[in-house]
Amino acid sequence: MSEYPRSLRIGSLVVALIAALVTPGGAAAHDRRTTPGGLAVLPALTPVMDCAAVTGLTVEGVTLTSATTVTGGAAPYCEVRGTIAPADTVVLRLPTTGWTQRYVQTGCGGECGSANINVGQASNCPPVTAGQVALATTDMGHQGQNDGSWAADDPQAQIDFAYRGVHETAVAAKAIITAFYRHAPAYSYFTGCSDGGREGLMEAQRYPDDFDGIAAGAPASNMVVQNTYHHAWNVLTNLDANGRYILLAAKLPMVHEAVLRACDGLDGLRDGILDDPRVCDFDPDTLVCPQAACLTRAEAGVVRRLHDGAVTDDGKRLEPAISHEWGSELDWTLFVPAAQGTTVGSENFVLAFARYLGFTNRVDPDWQLADLKLTVQGFWDTVQSSSYLSATDPDLSGFRRSGGRLLLWHGWEDQHISPQGTLEYYDALRTTMGGSAVDGFAKLFMFPGVAHCGGGEGPNTFDVLTPVMAWTESGRVPSSIVASRTGDGGVVRTRPVFAYPAVARYDGSGSIDDAANFVRTVPRHPVRDDFRWLGTRLYSHGYQQWCTAVGTSLVCRPRDTWLNRMTAR
């Protein structure tokens, strides 16, 4: 979207400030020096108005309800709260000293519903820890109600959750920032994980001018398939004919230990981490025996099917191959219960989504997992709402033209969202735009041993925002990110993670817990992922649609002209 229509959204006071008072040149106003970390040296600015006066600003479509000075953290800030019509709650934190002209917007997870600033794996970014960036977030158009009922007969809330809320927050926040400091942000960034990762990709796909850099982690990009077939299969494939669970969580540590015995050394080290679980050819049937300490044949079948993913009765894939990578078994408690009679997380995710969002313009509070049709026709009937909810369009030409930088990342042990979805999106991106073009603005990092957005058995703490900032501000291309793991005595292991498809290999000397002793290696025979499944065409340009609320219904149409995109807002 061009800068011109965006300016139409800003109220008269802010328009005047932008026209008459904003420091000319934006990002060009600094002296082009950079820090050792590659960040631009930007003059620190202070506000030109009192915090309390922010509520007196006029920003079209925005009601500012409070502005309060908060102290006691790294630096004092002005916390601003308000609502973007009709119901998007927004929260901003504006430093009252030392603002270094950067704006960072954070995403939220699940179905959102609360406006809490959470920088996640960007928490170690120096300007963030020093309190030198303006921050904002949104609840994406609804409050609470994580059971999905917020979406019932409220198409505007569905649109705001799908894509509009994050965009309008970016527009409003930049207007407020510009008025508060009499200076527009020199650089704007977005960081989020899970649904926050989907939000970041939505921004790059639909609103390519909103952010200079985006860090999108474990993105729920293929949201509809994930919250129907992926999570439903986790439950359905583990039920016997009487509706009782076959595999219980007590067996998961045994399975995990067996996977490590079979595959841990394939990367040259036995360190409790699978560097690339796709090369592991573990066979659960090797654990079958009559003793209680083993798996039954039925339990081994469940383990295999949980790894492989959802299929129709005749074997057609309902999600990308490999639903749960080997090595992630300890976190399968998300969907493998400890005891009979337990409702697992996966079932709750599907029910909340399918009853109110999964089928466009259809609300069914009585819908159950058994109602999901594991057929080709059932699949296509189910995924129609992907056209506006999912962020799978691989044509980021607009984002590239705007100078945007994208850092995609995912943990190999993710128990919620399969890494295969991110790998498929990255593959589609390169196929659509060309590998050399993608290399110029997008990088993918796959973190061994990391579960959903963090946790897991590997080094699981790292900074994804500073590499994006350095790439944007000084052209320093991110080639590696150092991840760490802490224990009772502090940091116990560090490892470099290199931009995909490169991997880290031990150089043969020194501690295997020190990142300095690892080198970058590109596998001689890289894994070739199999992306042949029913939903392959969801990862195509033009599949996304723009929607309008008409009464209690959504009316959606294909992406076409600029004018239609404007009126769809």
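Please refer to the structure placed before this passage.
What counts, and at which threshold
Residues numbered from 1 in each chain as written. Predicted model: local features only at pLDDT ≥ 70, side-chain atom pairs only at ≥ 80, totals over all residues. Heavy atoms only, no water. Pairing = 2+ DSSP bridges. Helix = DSSP H or I, 4+ residues; strand = E, 2+ residues; numbered from the N terminus. Axes fitted to C-alpha atoms, helices over the stretch in contact; angles between N-to-C directions. Contact = heavy atoms within 4.5 Å. 1 Å grid on protein atoms, 1.4 Å probe; cavity = no way out; pocket = protein on both sides within 12 Å on 5 of 7 lines; lining within 4 Å. Points joined across faces, edges and corners; volume = space filled by probe spheres on them. Expected span 1.5 Å × (residues − 1). Buried < 20%, exposed > 50% of the residue type's maximum accessible area, 1.4 Å probe, protein only.

### A look at the sheet that holds strand 9 (residues 442-447)
Across a sheet, paired strands are connected by hydrogen bonds in the backbone, their directions being either parallel or antiparallel.
Argument step 1. Strand order in this open sheet of nine strands is 1-2-3-5-4-6-7-8-9, and the pairing throughout is mixed. Because the sheet does not close on itself, it has two edges, and the strands there are strand 1 (62-70) and strand 9. Along the sheet, successive strands turn relative to each other by an average axial angle of 15 degrees, direction set aside.
Argument step 2. Summarising the sheet, strand 3 (residues 88-95) and strand 5 (residues 133-138) pair through four bridges and their orientation is antiparallel. Its bridge partner being in strand 5, Val-90 is matched across the sheet by Thr-138.
Argument step 3. Helix-sheet contacts for helix 4 (residues 155-181) involve strand 1, strand 2 (77-84), strand 3, strand 4 (102-106), strand 5 and strand 6 (187-193), and the interaxial angle to strand 3 is about 35 degrees.
Argument step 4. Across the sheet, helix 15 (residues 465-474) lies against strand 4, strand 6, strand 7 (213-217), strand 8 (405-411) and strand 9, angled at about 150 degrees from strand 6, the strand it touches most.

### Things to note about empty space enclosed by the protein
The rolling of a water-molecule-sized probe over the atoms marks out the regions of remaining empty space.
Argument step 1. For the coordinates displayed, the defined rule picks out three cavities of 30 Å³ or more.
Argument step 2. When its volume is computed, the largest cavity comes out at roughly 150 Å³.
Argument step 3. Asn-222, Gln-226, Ile-417, Ser-418 and Gly-421 are the residues nearest the centre of the largest cavity, which is lined by 14 residues in total.
Argument step 4. Elements supplying a minimum of two residues to the lining of the largest cavity: helix 6 (223-236) and helix 13 (419-433).
Argument step 5. Ranked by the residues each element gives to the lining of the largest cavity, the list is headed by helix 6, at three residues.

### Considering helix 13
Argument step 1. In a regular helix each residue adds 1.5 Å, so 15 residues correspond to 21 Å; helix 13 covers 21 Å between its end C-alpha atoms and thus fits that length.
Argument step 2. In terms of residue burial, helix 13 counts as a mostly covered element, since 11 of its 15 residues are buried.
Argument step 3. Along helix 13, the residues that are buried comprise Pro-419, Gln-420, Gly-421, Thr-422, Leu-423, Glu-424, Tyr-425, Tyr-426, Ala-428, Leu-429 and Met-433.
Argument step 4. Looking at the buried side of helix 13, the elements it contacts are helix 5 (195-206), helix 12 (397-401), strand 8, helix 14 (435-439) and strand 9.
Argument step 5. After helix 13 finishes, the residue Gly-434 shows a positive phi value of roughly 95 degrees.

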